[in-house]
Structures are given as C-alpha cells and as structure tokens.
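What follows is the residue order along each chain.
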Amino acid sequence: MKNITVKDILKRYQKPYNNKDLPLSFYTWTETQAILKTIQNQPALPNKLKTFNPNYQPIADAISLKEALLPLKEATIIGLGCETTGLDPFKDRVRCLQIAVSKQPVIIVDLDTLAPNELEPLRSLLASNCLKVGHNLKFDLMMLLRSRLPVSPPLFDPYLAYKVLTAGLNQTYSLEEVAKKLLHIRLDKTEQKSDFTGTLTSSQLQYAAIDAAILLPLYRILKHKLTKASLMPTA
C-alpha cells in the first residue's frame, strides 16, 4: 500500500471542483453521488421484524437440576444470562440463571429454591472449558460471583464484540438493538424491569429464556463478521 505524503494530501484538496461542490468539501459532487449510490444499494432492514419465543424448562429442585445439566456436559458453547432483583451486587441477588444450548429448551434455574450445596452441578458447568456467551457479561459475572457461582473462561460478549465491529459509529449496544440489527428479531423487553423477588410468572420465564437463547445466533453472526474483518482476536 502506497504511503500518503503531504504532497498527496495537497493534490487531493487542489483537484478541480464544479459549481455543485461545496467550498470545503473533501469529496467532489460526483464522488458523493457514487458513495450515496453504494449506501442506497445496501439491503435495508425488513419492515416486519421476526419474533423469538424459545422453549424453556424451569428448574426448582436439586434432582431436576442434575438431570437437566447432564446432557450439557458435552456442550462446547452455552448462552448464559441471569435475572436479578436489582442492579447493586452488594444489595441485590441473582434470582434465576438461564443456560441455553443449541436444539434444547433453555434451562432456567430458580436460585431461590435451591440450597448452596445443591448447586454443585451448576458450578461444574460454569467452571468447564465450554465457551460462555453473555451480553454485557461484566455485570452478570459480578452478580454470579456474589452468589458463589464463579464463571471461568473462555468467554464471549456480544456487547463488546458489536462495539469492536462498529467502532467509531454512533450505535446502541443493548441486546434488543443488536438482535434487531444483526438478526432482524424483535425482543420483547417488557419484563426487564418487573419484580423478580416474588413468584416467577410465565411471561418472566419466557423473557428470561429469550435473553439466553438469542445469544447463540448472535455469537454465530458476530463471529462470522469479526472473522471476515480480521477482528476476532480483538473481540
């Protein structure tokens, strides 16, 4: 690749302009039209976004937990999410932990119904060598650590990955927005601010399942895009 010199820059700004060009514009009117044509030819987001409602399996006792996690021993990638009673790791707690694997119902573990010594199968999974995918993992890891459920690498965070992919652009990085832009899926976040301290409702469980299951297709598409851009090591 040719190195750009001061002479090249001066030449760039001294090229002939016509009466359609703005006085200090870097691109000529002709160049601008070519750029706009390229942008306009890019595929637009579909007018109607898809919905996403994965199956799930609530877990509220030690025997069910052990049986549900048994098939996950061979998993190489899991989607990981948790719903909390608040945002303060010193005052609030993790109410439920969601685990998603391909072609299986999302496992939703109600931590309020299990004693600490009954969570050993869960601790083993979180300490395993499988890839754990979670959106804005920093918060989840902090909350889980306070619940004595440490998560070991390897880790992949779509929140950070999408930031790397769109560095320098004015973007929103919420799970809802990333899913909409990359997967054309609308996530229902109505239950995000609901009360997770009481009996869990079916809509809360469905919301929790969505939060974990959507991470697997997000990982696949982000991995493809980052690899194509040679940014996977950065992410």
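As a starting point, this report considers the structure included with it. Remember, predicted model here, so these are calculated numbers, not experimental data.

Rules used throughout
- Residues numbered from 1 in each chain as written.
- Predicted model: local features only at pLDDT ≥ 70, side-chain atom pairs only at ≥ 80, totals over all residues.
- Heavy atoms only, no water.
- Buried < 20%, exposed > 50% of the residue type's maximum accessible area, 1.4 Å probe, protein only.
- Helix = DSSP H or I, 4+ residues; strand = E, 2+ residues; numbered from the N terminus.
- Arc of directions from axis to C-beta.
- 1 Å grid on protein atoms, 1.4 Å probe; cavity = no way out; pocket = protein on both sides within 12 Å on 5 of 7 lines; lining within 4 Å.
- Points joined across faces, edges and corners; volume = space filled by probe spheres on them.
- Nonpolar A, V, L, I, M, F, W, Y, C, P; charged D, E, K, R; others polar.
- Core = buried A, V, L, I, M, F, W, Y, C linked by side-chain atoms within 4.5 Å.
- Contact = heavy atoms within 4.5 Å.

Digging into helix H5 (residues 137-146)
Point 1. Among the residues making up H5, those that are buried are Leu137, Asp140, Met143 and Leu144. When H5 is viewed along its axis, its buried side chains cluster within an angular range of 135° and face the same direction. Residues of H5 that are exposed and point more than 90 degrees away from the buried face comprise Lys138 and Leu145.

Quick notes on the layout of surface pockets
Point 1. The volume enclosed by the largest pocket comes to roughly 670 Å³.
Point 2. If you go around the largest pocket, you meet 28 residues; those closest to its centre are Glu83, Phe139, Gln192, Tyr207 and Asp211.
Point 3. The set of elements that each furnish at least two residues to the lining of the largest pocket consists of strand S2 (77-84), H5, helix H7 (175-183) and helix H8 (202-213).
Point 4. If you tally residues by element for the lining of the largest pocket, the top one is S2, at five residues.
Point 5. Taken together, the residues of the lining of the largest pocket break down into 10 nonpolar, 11 polar and seven charged.

Topic: the nonpolar core
Point 1. Core analysis: the largest hydrophobic core is formed by 25 residues, its most contacted members being Leu69, Leu80, Ile99, Ile107 and Leu122.
Point 2. Breaking this core down by element, the ones donating at least two residues are helix H3 (62-69), S2, strand S3 (94-100), strand S4 (106-110), helix H4 (120-126) and H5.
Point 3. When residues no more than four places from it in sequence are discounted, the contact partners of Leu69 are Ile99, Ile107, Pro121, Leu122 and Leu125.
Point 4. Core analysis: the next-biggest nonpolar cluster, separate from the first, contains 20 residues, Phe156, Tyr173, Val178 and Leu187 among them.

Observations regarding unusual backbone geometry
Point 1. Residues Pro153 and Pro154 are joined by a peptide bond in cis, for which omega reads 5°.
Point 2. If you check the backbone angles, Lys103 has positive phi at about 65° while not being a glycine.
Point 3. Tracing the sequence through the fold places Lys103 in the loop between S3 and S4.
Point 4. Relative accessible area serves as the criterion here: at 81%, Lys103 is assigned to the exposed category.

Function-wise, these values are silent; they only describe arrangement.
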